[in-house]
Structures are given as C-alpha cells and as structure tokens.
Amino acid sequence: MNIVVNPANTQAAVKSGLADKLKSVLADLRDEYVQPHSTPWIIGFSGGKDSTLLAQLVFEMLLALPPRLRTRRVHVVANDTLVESPVIASHLQSVLDRIAGSIDALRLPVTVAKTVPDIDHTFWVNLIGRGYPSPSRMFRWCTDRMKIIPTTEYIQNQVDKSGQAILLLGVRRAESSQRARSVERYENGERLNAHNSLKNCFVYKPIVELTTEEVWQTLLQSSPPWGGTHRELVTMYRNAGAGECPLVTDKSEAPSCGTSSSRFGCWTCTVVEKDKSAESFIESGYGDLEPLLEFRDWLKEIREDGSMRMATRRNGKLNFVGDGRLIPGPFTLDARRQILDKLVAMQVEVSLALISDEEIAAIKRIWAEDLSNLSA
Ligand code: SF4
C-alpha cells in the first residue's frame, strides 16, 4: 500500500484561520497524549466525517511525535449493529482495513476493533425470535442492545486493564442544537469530563469547536495518513444527502440515534417515518438497496397490524395504557415465521448477507421455547 506520511498535511492544506484552529487542536491532543501516564485512548469511530477527521488528527499528532514518545495505546473502535446500511458498512470496513494495514508501517501504537451486539441482542433475534415490534420512538429497544452495550463492554475492558480510559469523540457543538445542549450539559470547563455512566472513563472532545464547514474543508483538502483519499466518504455523504449516526456510548447520546438529524443508521430503522438516506442512495444509483427499503417499510407497516401481534406481552400479561387502550404484545409466531422467510428470500435476491446462520439458530431456539410456553 502506498502510504502518504505527511504530518503537516492537514495544516498546510487549509486557510490560515482554520489552520490556526487545527494547530491548536493538534497541540491540545499532543499535550494530553504526552501526560506522564499510560491511560489508553479510545477513539469512537463511525466512519463518518467527524470521527474520520478526529482519527486523522490523532494520527497526525502521533506521527509528529518521535516514535519513543508514542507510548500510549490508541484504540480505534467502531460499532457494527449487524444491520448497518450496506453502503456505510462497506465504507466503514474498508477504512478500518486501511487503518489496520497502515499501523505497522507508520509505527503507531494503534489497535483497530469493531464491536458487535451479542447474538442474543441482535436486531433479528429480538424482532424475529422474540417478536419485538420493529423499533419506534415509544419502544426503541435497539440502541442499548446493539450500540451502547457492545461499546461499553469494550471500554470497560480497557478500564479494567488500565484502571482508566479516555474516550475521544468527534462530537461538535455546531452539529445540531441538541448536540450543543448535550455538550454544554456535560462539560466542566476541563479538557476531560467524566463519562456519564462509565466509572473511570473520561470523555475528550478535541474537535468540539469546529464547524461543519471546517470539517469538510479540512477533509477535502487533505488525505488520510492511513492511505487512500476521502473521496468515498464525500461521495457517500453526497449520495445520502444526510448526517451520520454517531457512535453512541451512553443514553444521553441515544436520542439522536434513529432520528432525521442522524440518518446513517441501520437499514432496518423504523424509528424514522421515512429512510431518506436510503431513498437518496437509491436515487444516486444504488438500485440494489430498493428491496431493503421496501422491507423496512413493510416492517413498519406490520407493526400496526393487530392481526400480526399477540394480545399479551412476553410475560403473559395484558398491557393497558391510561385511557384503557390495549397495547398489543410481540409479533405472533406466524408473523415471525413470515418475516424470516421474507428476509431469507430477499437475502438471496440481493446477494447480501443480511442475517447469519447463528442468528437463525438462536431465533429457532426462542420459537421452540415460546411454543412450549404457549402449550404449557
Ligand atoms: S439507527 Fe434505528 S434501528 Fe439502529 S439502533 Fe438507532 S434507533 Fe435502532
């Protein structure tokens, strides 16, 4: 691989106001990195523009340090819900591969990792196995299981090994008013803030003051230290006409997951009314995503169909709300079978791996248990 090593890459490429801002981000990163302790850094990496720029700046800072000072480990950690939009999943994987393939040649103390939900927590095992209705704003059971828990486990492991960990996030104040409120709520005027829920984990937001324009300007005028270009990233945003689903590591960040402000999410996401990013991808030529979009729409539709839902919840109880309305329970076993058959048929049609054999085995185990409970 032809790797371009140019620590001054980013600074040189941009106008002076922004260059000053980036210089100060790099100085801040360096100052934090050379602190006299070995607490590892964990970069929350989604493959979107903000975390890509963050990883690039961290790499540039490390490359500017003499190798003997590159002593603290930096983890680049992405989360894969296993139902990521295929275009985004493939972009993320190719960037992770590039990063992983570059670290030896660059002599960087970097570990690349991808976290996935436990088999019992995947989208399909819950939706098709347990019959959970496709997620909605009122019952969004997925974010915790598919994003927060896997990432938290990774961070917790590092905290257990090293006593502490520093989580670097590419969040920015200018991203949205909601994000600005969240940034303000947790900041204490210090560089590092205690993580909302993870003990001994500190959050560091090095690019919090950059604007969206500055992020794009920097990316467009530089190339990543791990090789390649940012062209695919730019094209992906252009085709999706959307924002990104950030790496979610705690519940306070979760509201942005599955909303219109954050649309690089799961292809199965039924929290939003319409999957605008999938629609834009299809318009831009990704015709093979069309069956997936139709399937998502169908999952959303059947959630409202009482005949496909059980009357009782999984605990066998009826669920009435304040005004006496009965809230239906999970999908019936028939409906679950129908969803699985349709998904497996589509998987063949589009030649994409959409559900694993392991998930199908877990689903069938749950069905067998449910059947025996029903007949008991
Ligand atoms: S993008 Fe949607 S389906 Fe995926 S975790 Fe977020 S809310 Fe759930």
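Scoring rules and cut-offs
- Residues numbered from 1 in each chain as written.
- Predicted model: local features only at pLDDT ≥ 70, side-chain atom pairs only at ≥ 80, totals over all residues.
- Heavy atoms only, no water.
- Salt bridge = Lys/Arg side-chain N within 4 Å of Asp/Glu carboxyl O.
- Buried < 20%, exposed > 50% of the residue type's maximum accessible area, 1.4 Å probe, protein only.
- Helix = DSSP H or I, 4+ residues; strand = E, 2+ residues; numbered from the N terminus.
- Core = buried A, V, L, I, M, F, W, Y, C linked by side-chain atoms within 4.5 Å.
- Contact = heavy atoms within 4.5 Å.
- Pairing = 2+ DSSP bridges.
- Right-handed = clockwise from strand over helix to strand, strands pointing away.
- pLDDT = per-residue confidence, 0-100.
- Phe/Tyr/Trp six-rings, centres within 6.5 Å; stacked < 30°, edge-to-face > 60°.
- Lys NZ or Arg CZ within 6 Å of the ring centre and 35° of its normal.

Enquirer: Before we go on, may I ask you to explain the pattern of salt bridges in this structure?
Expert: Opposite charge on two side chains makes pairing possible when the charged atoms of those side chains draw close. As enumerated under the stated definition, the model contains 16 salt bridges in all. A salt bridge links lysine 49 to aspartate 50, with the nearest nitrogen and oxygen atoms 3.5 Å apart. There is no split in this pair, since lysine 49 and aspartate 50 are both buried. A salt bridge links aspartate 80 to lysine 114, with the nearest nitrogen and oxygen atoms 3.5 Å apart. Residue aspartate 80 is found in the loop between β2 (74–79) and α4 (86–106), and its partner lysine 114 is found in strand β3 (residues 110–115); the two are separated by 34 residues along the sequence.

Enquirer: When you look at the environment of glycine 44 in this model, what are you seeing that I'm missing?
Expert: Tracing the chain through its elements places glycine 44 in strand β1 (residues 41–44). Along the backbone, glycine 44 and alanine 55 are 11 residues apart, and their C-alpha atoms lie at a distance of 8.9 Å.

Enquirer: Which parts of the structure should I look at to understand the nonpolar core?
Expert: In a soluble, globular protein the nonpolar side chains are often hidden away together inside. Formed by 88 residues in total, the largest nonpolar core has its most connected members in Trp41, Trp124 and Ile128. Per-element accounting of this core gives the leading share, 9 residues, to helix α3 (residues 49–64). Leaving out residues up to four positions away in the same chain, tryptophan 124 has contacts with Val83, Gly129, Trp267, Thr268, Phe295, Leu299, Leu343, Leu354, Ile355, Glu359 and Ile363. Within the second largest apolar cluster, 13 residues are counted, among which are Val77, Tyr154, Ile155 and Ala165.

Enquirer: What is the right way to look at the pairing of β1 in this model?
Expert: Where a strand is regular, its side chains alternate between the two sheet faces. Neither face of β1 is left uncovered, since the one carrying Trp41 and Ile43 and the one carrying Ile42 and Gly44 both have all their residues buried. Pairing between β1 and β2: 4 bridges, direction parallel. Bridge pairing links tryptophan 41 to valine 74 in β2. For the segment spanning β1, α3 and β2, crossover handedness is right-handed. Two strands pair when backbone bridges link them, and β1 and strand β4 (residues 165–168) are joined in this way by 3 bridges, in the parallel orientation. When the bridges of β4 are listed, isoleucine 43 appears paired with leucine 168.

Enquirer: Got a minute to help me understand the confidence of the model for the protein chain in this structure?
Expert: Predicted coordinates in regions of low pLDDT should not be interpreted in detail. With 86% of its residues at a pLDDT of 70 or more, the protein chain has an overall mean of 89. A low-confidence stretch, residues 1–7 stays under pLDDT 50, and its non-local contacts, those more than four residues away or across chains, total 16 contacts.

Enquirer: Before we go on, may I ask you to explain the packing of aromatic side chains in this structure?
Expert: For any two aromatic rings, the description comes down to two numbers: the centre-to-centre distance and the angle of the planes. One pass over the structure, following the stated rule, counts 13 aromatic pairs. Arranged with centres 6.0 Å apart and planes meeting at 75 degrees, the rings of tryptophan 41 and tyrosine 204 form a pair that is edge-to-face. Of this pair, tryptophan 41 sits in strand β1 while tyrosine 204 is found in strand β6 (residues 201–204), placing the two residues 163 residues apart along the sequence. In terms of burial, tryptophan 41 and tyrosine 204 fall into one category: buried. Centre to centre, the rings of phenylalanine 281 and tyrosine 286 are 5.3 Å apart; their planes meet at 85 degrees, and the pair counts as edge-to-face. For phenylalanine 281, a relative accessible area of 0% gives the class buried. Assessed through its relative accessible area of 30%, tyrosine 286 is described here as partly exposed. Through a chain of ring-to-ring contacts, the aromatic side chains of Phe123, Trp124, Tyr132, Phe139, Trp141, Trp267, Phe295 and Trp298 assemble into a single cluster. Here the guanidinium or amino end of arginine 337 rests over the ring plane of tryptophan 367, the centre of that ring lying 5.7 Å away. The side chain of lysine 342 reaches across the aromatic face of tryptophan 298, ending 4.3 Å from its centre.

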